[in-house]
Amino acid sequence: MLEIKNLHVKLEEEDKVILKGVDLKIGPGEVHAIMGPNGSGKSTLSYVLAGREGYEVTEGSAELDGEELLEMEPEERAAAGLFLAFQYPVEIPGVGNMTFLRTAVNAQRKARGEEELSAGDFLKIVREKAKTLKIDADMLKRPVNVGFSGGEKKRNEILQMAMLEPKMCILDETDSGLDVDAMKLVSEGVNALRSAGRSFLVITHYQRLLDHIKPDVVHIMAAGRIIRSGGPELALEVENNGYADLLDGVK
Amino acid sequence: MALPQVKQDALAARLSGLSAPAKGWTQAARAAATDRLNAQGLPTRRDEYWRYTDPAQLTRPDVSGAAAVLAPSFAALDTVKLVFTDGVFDAAASDDPAAAGVELLSLAGAADIHWAQGLYGQLETRGSSPVERPLAALNTAHAREGVLIRVTGQAAKPVSLIYTQKSAVSDVFLHHVVKLEEGAEITLLESGTPGARFNTVLEVDVASNARFHHIRTQGPDADRRGLTHIFAHMADNALFKSFTLTAGGRLTRNEAILEITGDDSVAHVAGTVMGEGRDFLQDDTIFITHASERCESRQVFRKVLKNGATGVFQGKILVKQGAQKTDGYQMSQSLLLDEDAQFLAKPELEIYADDVKCSHGSTSGAIDETALFYLQSRGLPKRTAQALLVLAFLAGTLEEIEDEAIAAEVHARLEDWLHGLED
C-alpha cells in the first residue's frame, strides 16, 4: 500500500534536516503506529506525505500503490486515496461544514472520473455516518471547525475520513486534546473503517490510543529515523520505560 | 476667499453643457447648491478625502465608456420595479408605482410636493459640513431625474430601482429622496449601471421608530465610473441599514454620510467588493455623526483585490458632546490575492463624549495558506479551494442584510461574479 524509501527531508526556508532516511512499508489492511519523542519528525512525515508546502525532499521516495506521491499536488494525493487527519484541524470561517464535505467528496469523485453525488444522496450518507460519530445536525451546519471543541474537531476529521473513503489513512496525534470518552468515540470511528483494503498509520505519543486502535506493527521514531520496529508490545515497553532506554540502545 | 483661476476654469468646463431646470419647487435648493459649488470648486487630489482616489474621471468635462449589459439583480423577488435608462425614468418599462403602497413620484414628473421641499438638497447640505462634498452639490444643482418616496406605514413591497445603460457617453445625475414617517418601513433596492458616468445622491430621512433597508449591487461591468452619495438623518429609535455589493468597473466611490440626532437608533453600512486589474479602484468613504444617546453604528467592509486592483476605505465616526453610551464599530478588511493589489484604509474616530464604546480595525492579508492546504488535502483543487475561501471571506458581510431572501439573492450574485473572476 504505502512504501517509503530512504526519505530525507529538510525545511525549505532554513538548513534544518528533519527526516534522515525513513524507511516504512505498510501492507493493505495493516495498521502501523509511529511513536517517538517530541521533535523526532513524526508530524513532518505526515505533512510531507500529504504535500504541505515548506518542506524539501532531498532524497528518497514515497509510493502509494506504486504511484509516486511526492510529485503530486495535495489534492491529487487525496484523490489517489491518501487522507491525513490533522493534529490541529483548521478552522475555516464562512465555509459551512456540509458544503465543505460535499465539495470535497465530489471533487475527489470527479478527479477519479466518477459521477458526483446528488445533494439528496450525499445528505443521506453524511447523516448516517455523522450519527455513529455523534455529530449532530448543528455541527454539520456550522462553519468548518469554528467553535468546535477539541473532541468535536477530531470527530469531524474522522467524519471526513468516513465520507472520503481513502485507502491510506494517516492519523497525526488524533488523541491529543481528547478526554477518555472522546478518544473512545474517535477510536470506534476509526475501527469501523478498518478493512482489508484500507491501511492506517497512527502517529501518537501515548500507548493508550493503541489500546483502542490495535496496531499490527509499532515503530519508534527518533531524530528523523525509525530506530526500532516491533509488535504491539513495543508500545507497552515505551509506556513503562519511556524512550530513554530505546534511545540509549541505539547509541 | 475667491476660487483660484485654475479651479474656476475646471468648474466652468465641467458645467458647460449642463443646465438646471429653470423653475419648480427645487429652485431654492439648486440655487444654494450652485453657490456652494462656486465657492468650493471641484475636488482634486489635494483634498484630504480625495488623496487615495483621483477624482479626475468624475470631474472632467467629457465622458467616454462602453455600454453595459447586466443581468438584473433581485429578479426573483416580488418588488415594484422602476427602470431608469441612461438616467431617464422609463415608465413603460416600470411597474405601477402604486403597488408599493407608498407615495412615489419621479423627480422629473413631480409638481409642487410640499413634503420633499424641505428635504431635497437639505440633507446633502447638512452632510457637506464639516467635509465639503462639491460633487454632491453639483448633483443637487443639476439632477433632473430620481424618485421621491414618502412612506407612512409598512411598504407593501420593496422598491427596486433598476438602472440600464445604453449610451457609451451618458453622463447621469440621479437624485432620490426617501422620507419615512414615524413607524414606517421600506426596503429600497438598486442595481445596474445608471450611465457611462454617474453621480447619484440618495437622501433618506428616517423618523422615530421607522426602519429603512437599502441593498444594492453595482456591476460587474468593466467600464463603470461612478460616484454615489447617501445622506441620511435618523430620529429616535430609528433603523438604517445599507449594504452594497460591488464588482468590476474602473472607478466606484460610495459615500455614506449619516447623522443620528435621536436616541436609541441603529445605523449600519456594509459592503463587499471584488476588483481585478490595474484599472480597478473602489472607494468607500463613510462619515457617521452621533449627536444623541445610546445609538449604535456599524461599518463593515470586505474587499477582495487582485492583479493590481486598489481598494480604499475612509471611515469616520464622530461622537459629539453629550452623545453618551454611543456604540460605534468599524471594520475594514481586504484580501489581497497578489502582491500588486493594494488596500488603503483611513479609519478615524473623533470623540467628544466620555462614556462611549468605539472600536475600529483594519486588516489586509493574503489567503490563509494553512486553510488552503487543509482544503486541498481533502481533494479540492487549488483554484476551487481559493474560490471557496474568497467566497467565505466576502460572504461574511452578508450577515448585515436582514431579509433572508434578499441576502440569498445577493449571495447568489456573489457566487456568480466570483465564478466570472476565476475564469
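Structure report, in brief.

Criteria and thresholds
- Residues numbered from 1 in each chain as written.
- Chains lettered and ligands numbered in written order.
- Predicted model: local features only at pLDDT ≥ 70, side-chain atom pairs only at ≥ 80, totals over all residues.
- Heavy atoms only, no water.
- 1 Å grid on protein atoms, 1.4 Å probe; cavity = no way out; pocket = protein on both sides within 12 Å on 5 of 7 lines; lining within 4 Å.
- Points joined across faces, edges and corners; volume = space filled by probe spheres on them.
- Helix = DSSP H or I, 4+ residues; strand = E, 2+ residues; numbered from the N terminus.
- Nonpolar A, V, L, I, M, F, W, Y, C, P; charged D, E, K, R; others polar.
- Expected span 1.5 Å × (residues − 1).
- Buried < 20%, exposed > 50% of the residue type's maximum accessible area, 1.4 Å probe, protein only.
- Contact = heavy atoms within 4.5 Å.
- Polar contact = N/O pair within 3.5 Å; in protein donor to acceptor, adjacent residues only side chain to side chain.
- Phe/Tyr/Trp six-rings, centres within 6.5 Å; stacked < 30°, edge-to-face > 60°.
- Lys NZ or Arg CZ within 6 Å of the ring centre and 35° of its normal.
- Pairing = 2+ DSSP bridges.
- Buried area = accessible area lost by both parts, 1.4 Å probe.
- Salt bridge = Lys/Arg side-chain N within 4 Å of Asp/Glu carboxyl O.

The next point concerns the layout of surface pockets. Estimates place the volume of the largest pocket at around 1100 Å³. Forming the walls of the largest pocket are 45 residues, and the residues nearest its centre are Val95 of chain A together with Leu388, Leu389, Leu391 and Ala392 of chain B. The set of elements that each furnish at least two residues to the lining of the largest pocket consists of strand S7 (92–96), helix H3 (97–111) and helix H5 (137–141) of chain A together with strand S17 (327–336), strand S19 (357–365), helix H8 (382–395) and helix H9 (404–422) of chain B. No other element matches the 9 residues that H8 of chain B contributes to the lining of the largest pocket. Looking at the lining of the largest pocket residue by residue, the classes come out as 21 nonpolar, 14 polar and 10 charged. In this structure, the second largest pocket spans a volume of roughly 330 Å³.

To continue, consider helix H7 (residues 180–193) of chain A. All names here are of chain A. With 14 residues, H7 ought to run about 20 Å at 1.5 Å a step, and its terminal C-alpha atoms sit 20 Å apart, in line with that. Every buried residue of H7 is accounted for by Ala182, Met183, Leu185, Val186, Ser187, Gly189, Val190 and Leu193. The secondary structure elements touched by the buried residues of H7 are helix H6 (150–164), strand S9 (168–172), strand S10 (199–203) and helix H8 (208–212). For H7, the N-terminal capping position is held by Asp179, with its side-chain oxygen 3.2 Å away from the main-chain nitrogen of Asp181.

A complete count under the given rule lists 11 aromatic pairs over all chains for this structure. An angle of 65 degrees between the planes, with centres 6.3 Å apart, marks the rings of Tyr47 of chain A and Phe86 of chain A as edge-to-face. With Tyr47 of chain A in helix H1 (residues 42–50) and Phe86 of chain A in the loop between strand S6 (82–85) and S7, the pair connects residues that are 39 residues apart, well separated along the chain. Chaining the aromatic ring pairs together yields one cluster made of Tyr47, Tyr55, Phe86 and Phe100 of chain A together with Phe373 and Tyr374 of chain B. When the ring centre of Tyr206 of chain A is taken as reference, the NZ or CZ atom of Arg208 of chain A above it lies at 5.4 Å. Cation over ring: Lys346 of chain B sits above Tyr49 of chain B, and NZ or CZ is 4.3 Å from the ring centre.

Right, let's get into the sheet that holds strand S5 (residues 67–68) of chain A. All names here are of chain A. Sheet architecture is open: 4 strands sit in the order S2-S1-S4-S5, paired in antiparallel fashion. The strands lining the two open edges of the sheet, one partner per strand, are strand S2 (17–26) and S5. Bridging between strand S1 (residues 2–11) and strand S4 (residues 55–64) involves 8 bridges; their strand directions are antiparallel. Bridging from a neighbouring strand, Ile4 pairs with Ala62 of S4.

Counting residues at the interface gives 17 residues for chain B and 29 residues for chain A. Note on chain B versus chain A: buried area summed over both sides is about 1800 Å², and carbon and sulfur give 69% of it. Per-residue buried area on chain B facing chain A is highest for Phe373, Tyr374 and Arg378 of chain B; these three make up 43% of the total on that side. The interface formed by chain B and chain A includes 1 salt bridge. Connecting chain B to chain A are 9 residue pairs in polar contact (both at pLDDT 80 or more). Elements with a contribution of two residues or more to the side of chain B that touches chain A: helix H7 (369–377) and H8 of chain B.

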